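Examining the three-dimensional arrangement
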Amino acid sequence: MSGFWSGWVVVLAVVTIGVSLFLFAWGLRVHIPVQDDGTTGHNWDGIREGLHKLPWWWVAVSIGAFAWAIGYLVLYPGLGNFAGVLGWSSPEQHQRDTAANTAKRASQNNPWRAMTIAQLAKDRNAIDVGGRLFQDNCAACHGKGARGNPHVGAPDLTDAVWQFGGSEDAILASILDGRSAVMPPWGQALQKDGVEEVASYLQSLSGNASRDWQVKAGHERYDMFCVSCHGPGGVGRATIAPSLADQTWLYGNDWSDITTSIRDGRTGVMPAWRTRLGVDQSRLVAAWVVAQAAHGRPAGK
Ligand code: HEC
Ligand code: HEC
């Protein structure tokens, strides 16, 4: 908050509380003349205005409220930029609670720690927790059922295709430290024709209908510009670049998806979870992923 607005808040708060407090104290002591019949003497169409003292509990509650408000503003943040004499802040409180929670979890004898990910993948309770963690942290990109999302290039995690390895350890490594992919943009170097030629070549590789007349030129360009990462014949290279010759596409296999990938490049980023989830929870998510993938996954790949 800037100095001006901080001052504004301070003035408003102090004036409001001060004026109310003054009216309250004044109201308790002010002398209102009473008639012999115990009324103020005001008569409204035959209805006489009585005069009663405020009930003691009302006065007590009000004094309490004033004391609480003033005490709070002195001790805690509330008056503009004034931090309060206790120096309390919500982020620090949050940090303390989180640290206490983490310490508590770490000190608990956690039976899951002694199990391998393959074992966890067969443990109903572990999978339940892992699945919930996946929905909270991963589903936004990979989809609820982990089937992937072509808009962010998040791969299907239930199929047999793994860019960074489908072993328990490789999956855990992907989760803990993240992955990033760099596919450079080729629009400048290849121009529109070149992009279309090479796209036609790719479509011929994956068995999609392609523009036959462009395939040969596309193949030549591919061998010049793309083969170093995507491998001969588009078979892909583990951890470097995905296969372009199969039916699995990160960003979709329409003509426009493919030409966009080539023209503008793609840079899919899988965030690292080591600090956010920690190792124990990452192992549980990995176990859930392994359990989903179990059907299609060739052992040890
Ligand atoms: C911000 C979007 C995003 C989030 C959130 C995200 N991922 Fe990813 N993930 C990706 C992208 C994009 C890739 C592909 C990275 C690449 O190709 O470099 C990927 C790749 C992976 C891989 C490697 C797949 C392979 O083929 O080898 C695994 C495993 C994975 N993610 C699991 C998870 C898990 C588990 C979580 C939650 C803890 C998660 N991801 C959260 C975007 C995300
Ligand atoms: C420096 C290495 C590199 C080079 C060179 C390269 N690519 Fe890529 N390419 C990648 C990576 C890595 C990805 C995955 C991007 C991601 O996950 O976000 C990719 C993704 C793609 C995709 C999207 C695949 C999908 O599954 O949706 C297409 C299409 C593609 N590349 C075509 C080409 C073509 C054509 C060329 C040559 C003109 C080429 N690439 C050159 C690294 C490269």
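Remember, it's a predicted structure, so these values are computed and weren't measured experimentally. (Residues numbered from 1 in each chain as written. Chains lettered and ligands numbered in written order. Predicted model: local features only at pLDDT ≥ 70, side-chain atom pairs only at ≥ 80, totals over all residues. Heavy atoms only, no water.)

Observations concerning the layout of surface pockets
In this structure, the second largest pocket occupies an estimated 430 Å³ of space. Surrounding the second largest pocket, 21 residues form its lining, R105, N110, L277, D280 and Q281 being those nearest its centre. Going through the elements one at a time, α3 (90-107), α5 (124-137) and α12 (274-293) are the ones with two or more residues in the lining of the second largest pocket. When the residues that make up the lining of the second largest pocket are grouped by side-chain class, the tally is eight nonpolar, eight polar and five charged. (1 Å grid on protein atoms, 1.4 Å probe; cavity = no way out; pocket = protein on both sides within 12 Å on 5 of 7 lines; lining within 4 Å. Points joined across faces, edges and corners; volume = space filled by probe spheres on them. Helix = DSSP H or I, 4+ residues; strand = E, 2+ residues; numbered from the N terminus. Nonpolar A, V, L, I, M, F, W, Y, C, P; charged D, E, K, R; others polar.)

Description of the coordination of the iron atom of ligand 2
Protein coordination at the iron atom of ligand 2 comes from M183 (SD) and H230 (NE2), with a distance range of 2.0 Å. What the six donor atoms of the iron atom of ligand 2 show is an angle range of 89 to 180° at the metal, which sorts the shape as octahedral. Here M183 is found in the loop between β3 (179-180) and α8 (187-205), whereas its partner H230 is found in helix α10 (residues 227-230), with 47 residues between them in sequence. A residue is classified by how much of its surface remains accessible, and H230, at 8% relative accessible area, is buried. (Donors = N, O, S within 2.8 Å, 3.2 Å for Na, K, Ca; no water. Tetrahedral: all angles 85-135°; square planar, octahedral: opposite > 155°, others 65-115°. Buried < 20%, exposed > 50% of the residue type's maximum accessible area, 1.4 Å probe, protein only.)

Quick notes on the coordination of the iron atom of ligand 1
Ideal values for angles at a metal depend on the geometry: 109.5 degrees with four tetrahedral donors, 90 or 180 degrees with six octahedral donors. For the iron atom of ligand 1, the full set of protein donor atoms is H142 (NE2) and M270 (SD), and the range of their distances to it is 2.0 to 2.1 Å. One can describe the site at the iron atom of ligand 1 as octahedral: its six donor atoms subtend angles covering 88 to 179° at the metal. You can see H142 sitting in helix α6 (residues 139-142) and its partner M270 sitting in strand β4 (residues 269-270), a full 128 residues away along the chain. Residue H142 is classed as buried on the basis of its relative accessible area of 10%. Among the residues examined, M270 registers a relative accessible area of 24% and is labelled partly exposed.

Side note on the site of ligand 1
Surveying the vicinity of ligand 1 reveals 25 residues, the closest of which are C138, C141, H142, F164 and M270. At a separation of 2.8 Å, an oxygen atom of ligand 1 approaches a polar backbone atom of F164. A distance of 3.2 Å is found between an oxygen atom of ligand 1 and a backbone nitrogen or oxygen belonging to A181. Elements supplying a minimum of two residues to the shell around ligand 1: α6, α7 (168-177), β3, β4 and α12. The element contributing the most residues to the shell around ligand 1 is α7, with three residues. Taken together, the residues of the shell around ligand 1 break down into 17 nonpolar, seven polar and one charged. (Near = heavy atom within 4 Å. Polar contact = N/O pair within 3.5 Å; in protein donor to acceptor, adjacent residues only side chain to side chain.)

Notes on the environment of A118
Within the secondary structure, A118 sits in helix α4 (residues 117-120). For the pair A118 and A286, spaced 168 residues apart in sequence, the C-alpha separation works out to 9.3 Å.

Focus: the nonpolar core
L120, F134, I171 and V289 are the most contacted members of the largest nonpolar core, which totals 28 residues. Secondary structure elements with two or more residues in this core: α4, α5, α7 and α12. At nine residues, α12 tops the list of elements feeding residues into this core. Sequence-distant contacts of L120, that is, excluding residues within four places in its chain, are made with W112, M115, A126, I127, R283, L284 and A287. Core analysis: the next-biggest nonpolar cluster, separate from the first, contains 14 residues, W186, L190, L202 and I258 among them. (Core = buried A, V, L, I, M, F, W, Y, C linked by side-chain atoms within 4.5 Å. Contact = heavy atoms within 4.5 Å.)

Brief notes about the UniProt feature "transmembrane region" (unreviewed entry) in the protein chain
The sites that UniProt annotates as "transmembrane region" (unreviewed entry) are residues 7-28 and 56-75. With 100% helix and 0% strand, residues 7-28 has end C-alpha atoms that lie 32 Å from one another. This span, residues 56-75, is 100% helix and 0% strand, and a straight line between its end C-alpha atoms measures 28 Å. (UniProt positions renumbered as here; feature names shortened; annotations may be inferred.)

Notes on the side chain of R283
Among the structural elements, R283 can be located in helix α12. Lacking a salt bridge, the buried R283 has D280 as its closest oppositely charged neighbour, with an N-O distance of 5.3 Å. Separated by 2.3 Å, the side chain of R283 and the backbone oxygen of M115 make a polar contact. Those residues in contact with R283 that sit more than four places away from it in its chain are W112, R113, M115, T116, I117, L120 and L172. (Lys, Arg positive; Asp, Glu negative; His and termini not counted. Salt bridge = Lys/Arg side-chain N within 4 Å of Asp/Glu carboxyl O.)

Here we look at the pairing of strand β1 (residues 39-44)
Here β1 pairs with strand β2 (residues 47-50) via three bridges, running antiparallel. Of the residues in β2, the one forming a bridge with T39 is G50. Hairpin geometry of β1 and β2 is characterised by an intervening segment of two residues between the two adjacent antiparallel strands and by a positive phi of about 45° at D45. (Pairing = 2+ DSSP bridges.)

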